[in-house]
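An overview of the molecular structure
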Amino acid sequence: MIRLAWWLVRAQFTTRRMATALSMLAIALGVALGYAIHLINAAALADFSQAMKSVQGEPDAVIAPRDSAGQVPLALINEIARDADVAIIAPVIETRVRIDNATMAVKLIGLDVFSAAAVTPKLLPRQSDRVAGGSVFEDGVYASPTLLARFKLAPGDAVTLVRGDTHWRTRIAGDLPAARPDDLLLVADIAWVQARFGPAGGVSEGRVRLASGVRVGNWLGAWAGRLPAGLALRAAEDDSARVSNVSRAYRVNLNVLALVALLTGAFLVFATQLTAVAQRSTQFALLGVLGLSPRLRLWQVLLEGLAIGVPGAGLGLVLGYVMSLAFTQVIGGDLGGGYFSGSAPAILPRPAPALGFFALGCAASLTGALYPAWLNRIQPLAQALKTGFAQSPPSGGAAPRRRRWLKGAAMALVALAAIGLTRLPALFDLPLAGYAAIALVLVLGIGAAPPVTQIVFGALARLRLPAPLRIAVQNIVQAPLMAQVAASGLIVSFALTVSMVTMVSSFRTAVDQWLDVVLPAPMYVRSKGVPLPRELLGALAQPAAPFEKVERSAAVSLSLDPQRPAVALLVRELDRAEAAARLPFTGAVLAAPADRLVVWISEPMQQLYRLAPGQSLRLPLLGREVEAFIGGTWRDYARQFGAVVIGAADYVALGGRFEPTDLALWPRPGEEAAARTWLAKFTADYGLEMAESGEIRKLSLSIFDKSFAVTYALEAAAMLIGLFGLAVTLAAGVWLRARELATLSALGFDRAMLTRAVMFEGAMIAGIGLVIGLACGVAVGAILTHVVNPQAFHWRMKLEIPWLQVLPGAALSLLAGIFASRFAARQATRLPVAQVLANAQ
Amino acid sequence: MLTITSLSKRHANAVQAVFSGLSFSVQAGEVVALVGESGVGKSTLLNCIAGLEPADEGSILVGRQAQDIVRLGEAARAALRASSIGFVFQAFHVLPTLSVAQNIAVPLLLAGVAAGEHAARIEALLARVGLAGFGPRWPASLSGGELQRVAIARALVHRPALILADEPTGNLDPRTADEILALLLERVREQHAAALIVTHSQHVAQCCDRVLTLTPEGLQ
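Predicted model only: the values in this text are computed from it and were never measured. In this numbering scheme, every chain counts its residues from 1 along its sequence in written order. Think of it this way: whatever chain is written first is A, whatever ligand is written first is 1, and the rest follow in order. This being a predicted model, a pLDDT of at least 70 is required before a residue's local features are given, and a value of 80 or more before pairs of side-chain atoms are given or counted; all residues contribute to the totals for chains, interfaces and linings. To get the side-chain values, all heavy atoms of the structure are used, and hydrogens and water are removed first.

**Side note on the overall build of chain A**
Per the secondary structure count, chain A includes 28 helices and 21 strands. Along the first, second and third principal axes, the C-alpha atoms of chain A reach 100 × 60 × 50 Å. Whether a residue is buried, partly exposed or exposed follows from its accessible area with a 1.4 Å probe, protein chains only, as a fraction of its type maximum: under 20%, in between, or over 50%, in that order. The proportion of buried residues among the 841 residues of chain A is 53%. We call two residues in contact when some of their heavy atoms are within 4.5 Å. Put simply, 81% of the contacts in chain A that link residues at least 6 apart link residues at least 24 apart. Secondary structure counts use DSSP, requiring at least four H or I residues in a row for a helix and at least two E residues in a row for a strand, with both numbered from the N terminus.

**Structural notes on the overall build of chain B**
Along chain B, the regular secondary structure elements total seven helices and 10 strands. Here the globule rule reads 2.2 Å times residues to the power 0.38, and the radius of gyration is calculated from C-alpha atoms. Taken over the C-alpha trace, chain B has a radius of gyration of 17 Å; the compact-globule value for 220 residues is 17 Å, and the two agree within 12%. Projecting the C-alpha coordinates of chain B onto the three principal axes gives extents of approximately 50 × 35 × 30 Å. When each of the 220 residues of chain B is scored for burial, the buried share is 56%. Pairs at least 24 residues apart make up 71% of the contacts formed inside chain B by residues separated by at least 6 positions. Working note: accessible area of chain B is about 9,000 Å², and carbon and sulfur atoms make up 51% of it. Within chain B, one finds 17 positive and 19 negative side-chain charges whose respective centroids are separated by 5 Å. Residue exposure ignores everything except the shown protein chains as possible cover, and the areas themselves are Shrake-Rupley values with a 1.4 Å probe. All tallies of charge rest on Lys and Arg as positive and Asp and Glu as negative; His and the ends of each chain are not included. Each charge is placed at NZ for Lys, CZ for Arg, CG for Asp and CD for Glu.

**A look at a nonpolar patch on the surface**
Residue and element names in this part refer to chain A. Like-charged residues within 9 Å of one another, or nonpolar side chains (Val, Leu, Ile, Met, Phe, Trp, Tyr) within 5 Å, are grouped into patches, provided each residue has over 30% relative accessible area and no salt bridge. Any carboxyl oxygen of Asp or Glu that lies within 4 Å of a side-chain nitrogen of Lys or Arg is treated as forming a salt bridge with it. On the surface, a nonpolar cluster with roughly 330 Å² of combined accessible area is contributed by Val318, Tyr321, Val322 and Leu325. Looking at the secondary structure, you find Leu325 in helix α11 (residues 294-330). Judged by its relative accessible area of 35%, Leu325 falls in the partly exposed class.

**Re the sheet that holds strand β3 (residues 31-35) of chain B**
Residues and elements named next belong to chain B. Strand order in the open sheet formed by six strands is β6-β7-β8-β3-β9-β10, with mixed pairing between adjacent strands. Of all strands in the sheet, those bounded by a partner on one side alone are β6 (85-89) and β10 (218-219). Here helix α1 (residues 42-50) sits on the sheet in contact with β3, β6, β7 (162-166), β8 (194-198) and β9 (210-215), set at roughly 150° to β7. Any two strands with at least two DSSP-identified bridges between them are counted as paired. Helix axes use the C-alpha atoms of the stretch in contact, all axes being lines fitted to C-alpha atoms, and the angles between their N-to-C directions lie in the range 0 to 180 degrees.

**Observations concerning helix α6 (residues 190-197) of chain A**
Residue and element names in this part refer to chain A. Those residues of α6 that fall on the buried side of the exposure criterion are Ile190, Trp192, Val193 and Phe197. Viewed end-on, α6 has its buried residues packed into an arc of 160°, placing them on one side of the element. In the segment just after α6, Gly198 is the residue with positive phi, at about 80°. Picture the helix axis, draw a direction to every C-beta atom, and the arc is the one those directions span.

**What to know about the nonpolar core**
We define the nonpolar core as a collection of buried residues of types Ala, Val, Leu, Ile, Met, Phe, Trp, Tyr and Cys that are connected through side-chain atoms lying within 4.5 Å of one another. B:Leu2 and B:Ile49 are the most contacted members of the largest nonpolar core, which has 170 residues in total. Top element by residues in this core is helix α17 (residues 480-518) of chain A. It accounts for 20 residues. Once you skip the residues sitting within four places of it in the chain, B:Leu2 turns out to touch B:Phe24, B:Ser25, B:Val26, B:Ile49, B:Ile60, B:Leu61, B:Val62, B:Leu162 and B:Leu196. One finds A:Ile63, A:Val159, A:Val193 and A:Leu210 within the second-largest nonpolar core, a separate group that totals 40 residues.

**A word on the side chain of A:Thr755**
Residues and elements named next belong to chain A. Mapped onto the fold, Thr755 is located in helix α26 (residues 751-793). We define a polar contact as two N or O atoms separated by no more than 3.5 Å, with the added condition that, inside protein, one atom must be a possible hydrogen donor and the other a possible acceptor, whereas residues neighbouring each other in sequence contribute only through side-chain atom pairs. At a separation of 2.7 Å, a polar atom in the side chain of Thr755 contacts the main-chain carbonyl oxygen of Arg751. If we ignore the near neighbours within four places in the chain, the residues touching Thr755 are Arg822, Ala825, Arg826 and Thr829.

**Concerning a positive patch on the surface**
On the surface, A:Arg401, A:Arg403, A:Arg404 and A:Lys407 cluster together to form a positively charged patch. Topologically, A:Arg401 is positioned in helix α14 (residues 400-422).

**So, the sheet that holds strand β4 (residues 57-62) of chain B**
Within a sheet, adjacent strands bond to each other through the backbone by hydrogen bonds, running parallel or antiparallel. Residue and element names in this part refer to chain B. Taken in spatial order, the four strands line up as β2-β1-β4-β5 in an open sheet, and their pairing is antiparallel. One side of each edge strand has no neighbouring strand; the edge strands of this open sheet are β2 (19-26) and β5 (67-68). Where β4 and β5 come together, two bridges link them in antiparallel fashion. Within β5, the position partnered with Leu61 by the bridge is Asp68. Across the sheet, α1 lies against β1 (2-9), β2 and β4, angled at about 120° from β1, the strand it touches most.

**Some points on the interface of chain B and chain A**
The interface of chain B with chain A comprises 25 residues on the first partner and 23 residues on the second. Here's the idea: put two parts together, see how much 1.4 Å probe accessible area each one loses, and the total over both is what we call buried area. Around 2,200 Å² of area is buried between chain B and chain A when both sides are counted, 71% of it from carbon and sulfur atoms. Taken together, chain B and chain A are joined by one salt bridge. In this structure, the salt-bridge partner of B:Glu74 is A:Arg377, at a minimum N-O distance of 3.8 Å.

**Quick look at the domain arrangement of chain A**
For the purposes of this description, domain bounds are those given by an automatic or database domain assignment. By the assigned domains, chain A splits into domain 1 (1-57 + 255-390), domain 2 (71-229), domain 3 (449-519 + 698-841) and domain 4 (528-687). Computed from C-alpha coordinates alone, the two centres of domain 1 of chain A and domain 2 of chain A are separated by 51 Å.

**Things to note about unusual backbone geometry**
It is generally the case that most residues other than glycine have a negative phi and that most peptide bonds are trans. For A:Arg610, which is not glycine, the phi dihedral falls at a positive 50°. By secondary structure assignment, the location of A:Arg610 is in the loop between α20 (603-608) and β17 (616-621). Among the residues examined, A:Arg610 registers a relative accessible area of 69% and is labelled exposed. In this model, B:Ala66 sits at a positive phi of 50°, which is unusual for a non-glycine residue. The topology assignment puts B:Ala66 in the loop between β4 and β5. Classification of B:Ala66 by relative accessible area gives partly exposed; the value is 38%.

**Some remarks on the packing of helix α15 (residues 432-461) of chain A against α26(A)**
Residue and element names in this part refer to chain A. Packing of α15 against α26 leaves a shortest axis separation of 9 Å and a crossing angle of 155°. One way to sum up the angle between α15 and α26 is to call them roughly antiparallel. Crossing handedness for the pair α15 and α26: right-handed. Put simply, angles under 35 degrees are roughly parallel, angles over 145 are roughly antiparallel, angles from 65 to 115 are roughly perpendicular, and the rest are oblique. In this scheme, a crossing is called left-handed if the near helix is turned counterclockwise away from the far one by less than a right angle; it is called right-handed if the turn is clockwise.

**Describing the environment of A:Ser493**
All names here are of chain A. By the secondary structure assignment, Ser493 is in helix α17. Given the relative accessible area of 0%, Ser493 is considered buried. Each C-alpha atom, one on Ser493 and one on Leu770, is 9.3 Å from the other, the two residues being 277 residues apart in sequence. Residues in contact with Ser493, not counting those within four places in the same chain, are Ala718, Met719 and Gly722.

**A short note on the packing of aromatic side chains**
Here is the rule: rings of Phe, Tyr and Trp (six-membered ring for Trp) pair when centre to centre is within 6.5 Å. Planes less than 30 degrees apart are stacked, more than 60 are edge-to-face, and the remainder are tilted. Within this structure, the stated rule accounts for nine aromatic pairs over all chains. Judged by centre distance (5.9 Å) and plane angle (0°), the rings of B:Phe87 and B:Phe89 are stacked. The buried category is assigned to B:Phe87, whose relative accessible area is 4%. Of the aromatic side chains, those joined through ring pairs into one cluster are A:Phe270, A:Tyr371 and A:Trp374. Here, a charge over a ring means that NZ of Lys or CZ of Arg falls within 6 Å of the ring centre while also lying within 35 degrees of the ring normal. One cation-aromatic arrangement involves A:Arg196 over A:Trp168; the distance from NZ or CZ to the ring centre is 4.9 Å.

**Quick word on the side chain of A:Glu603**
Note that A:Glu603 resides in helix α20. Beyond its immediate chain neighbours, meaning those up to four positions away, A:Glu603 contacts A:Thr586, A:Thr633, A:Trp634, A:Arg635, A:His794, A:Trp795 and A:Arg796.

**Notes on the pairing of β6(B)**
All names here are of chain B. Judged by how many residues are buried, β6 sits mostly within the fold: five of five residues are covered. What you see with β6 is no split at all: Ile85, Phe87 and Phe89 on one side and Gly86 and Val88 on the other are buried throughout. Where β6 meets β7, five bridges bridge the pair, whose relative direction is parallel. Its bridge partner lying in β7, Ile85 is registered against Leu162.

Laid out in structure tokens, this is it:
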């Protein structure tokens, strides 16, 4: 029996090479995209995690201030060191400095060499032979090999470290042999760093290695109540979770898109297998008559589906690996998401995920073959042997009228369920209900194809039509299955394409409008995390400066939840009375009671921490818990993990040091060129970045487009697969009617008339598919914009349907459909009429 | 080899039965012709005997074990066809994507005949139907008469107890039809099988051992 199955599979592959190859390619594409995304994400996460471990070492717990401007008192470090449960605690100071006048700021880590050997061995320095001196850390800083290469430095070279106005002359004393290739680091003695850059009396964090046998959870619990309000103790494991959470929603979103590509692949297998069953219905009927059981007829089609899926999935794994290598080189390890540094991490395929994606490809192919296999199982043998494929095999159960009602009721239920799902909140911080709603909309679209086809073409069939058009309409009314299959493929692919274009367009329009509000000044200067030099700030305050207005701001980070990335605290020169005019608020701005501190939270912050204007927010600020009134929510597309704006005056009143890192500058009218020249001196001397708002806008939108590059690739893939499906189904439909076309030809229809009839049919099927696909696409686009985006990324925006992209896309797809049917018609009408009619005997 | 008792069949939603109360039998080595006007139900009767259409009443005992195909489930009917029935059709129905030898091997595979026996049986039968050396050829290269010879070889290769033939010479010219009929009768008798041949041809009917005429009133 296996031999017979093999003969049939081989025959199917040799007689339907093109359709089979396209189905395999579609499955391969879906697997490849999914696997490539998985490989890149896994590599990027591992790379990021290793980078973090290389700098942080592998402690059991970390004590750090919840406010990045804060510090851990040395007294507390000493107290923890005396704890019998603690094996060792490594105090660390981290700060950012520039080397000479470079624009780029690098990390400077101050370590205690004895404790570092136990906790952060990869940061241990190696003194160069060329540097005379006593012990390690006696003098100078140590640089990672990458930093040495990037700045063209060598041990023994003199360098100036710059932070704000502070300049320190020192030398490169050696390197960090165990640093990773991506690390741009300087390491120095902790006391040396503290003496020059602070903080006095404290450190940035303490990394704790517990004594053997001590459970991290118990130890953290014992210390939790003894810490000052501004400090937090966290298990080092939380850092890995936080790294993963940074890009989790983005990764899940990309994986869902890859699954969509796989789904369209399954659809192509469905179309191929259905047409294969239809074309070979007489052969299968003969085998049934000769004794091939119904179960084996079902298994045969499933086996053929699997025979497409196995090589397709295998090819997909290879393609996915190649794509992952190419993607990491071209758009980086974060696939344009902007979560990690733009490095190209090493891709390491592992057997379990590869097997998983292989199985997924096979499962998609089997799913596509399921309905054709079932149809093959229930074909009435005697009838199929005589007249070929029965499109509507006998079905028991309810009467046709009742069945129509039942189908209508089921579709209404699906629609209600989809609406209900869009109202559900995120599950596990992911828009799972939104994704389910999208799946239901697609099911609804496919389910709508048969009734819409019957209603539209039933009505058309009653009209007086020219002969070719009448043949086309009559054929769809009488034999709707192939038309519905062809339309369904197009519905799914066009709906997905329209939805993606709609979501991206809505997002881009929203970002564009948002940039108008957040970039009010013509010029901006920033110092990338280190304080701006006082010389510049002082000069700006002089009347001679060519600016009519200057706004200064600084940013620090606050840790509100150890499992989540830190929230940005933006300190801005902003009066509470004028906040409404200065931030892009999404709703009403509430006036705070005069005696209360007011802050304004970003939209992602509102959703992540379930906050609302008018509520109180406790912020870990300046070493204590500060209670603030939430005055409003503002739109922020830049910081996905939340941001809080506080007035600079309020921050200073709380005891904070306002050290501006960013400037918004309004040159005096007519003095723009002079303003640029005036700034150039400072930017050159201090390695600052200056940009005009137009440049920032252009760069922001280019980053936006880059981050959606993968989405565009998936859209194109989905649309191509949909059109392949249409072409395959139309060709098979025409092939099945070769006898009918030959008869019409014998009756006097010429080739041109027959070709026109088939083209009309293709156009009408594609038209129905595109109209339903458009409706579904707009619905899915609305779900992506209003449900998935806010729940996954915490961004809200208005729905914008880009008709100028959608309508030409629909017209092109329609033309492609007509072209595919023309090709199919020409193939069928090229056969000698006499031969076709003789074979029909 | 075939015993039919009180067999009745009515199509769904039809007022009148296609046939009712039919009873007859065909013995091993016997060739029976079934004749009658178009639409009288000859093909339906053949389909019921093969288990391709359900009968409403009566029994059809098929094969050496005399299994009642009316009472069998779908899979068991398929198994009975595979082991005990051979088919010859008017339209040949040779699988175009399998070679001649592979086409003839299909019943052997379905009947579970040991693979080692296949080649010898196929070669012997090809020789007996006048197609020695045709095994590797493809159906598209054969004439109508040659295709029907392949179909006869396929119907006999698994040594079924019953051969059902539906207008086996209907698509052939008179000379080829005579050759094919002679071959079919000779091979059926040689294998001591029973055969029921549906035909419109008086000549075919005269060549058979017995003729049954199906009319709206029943068998005559």
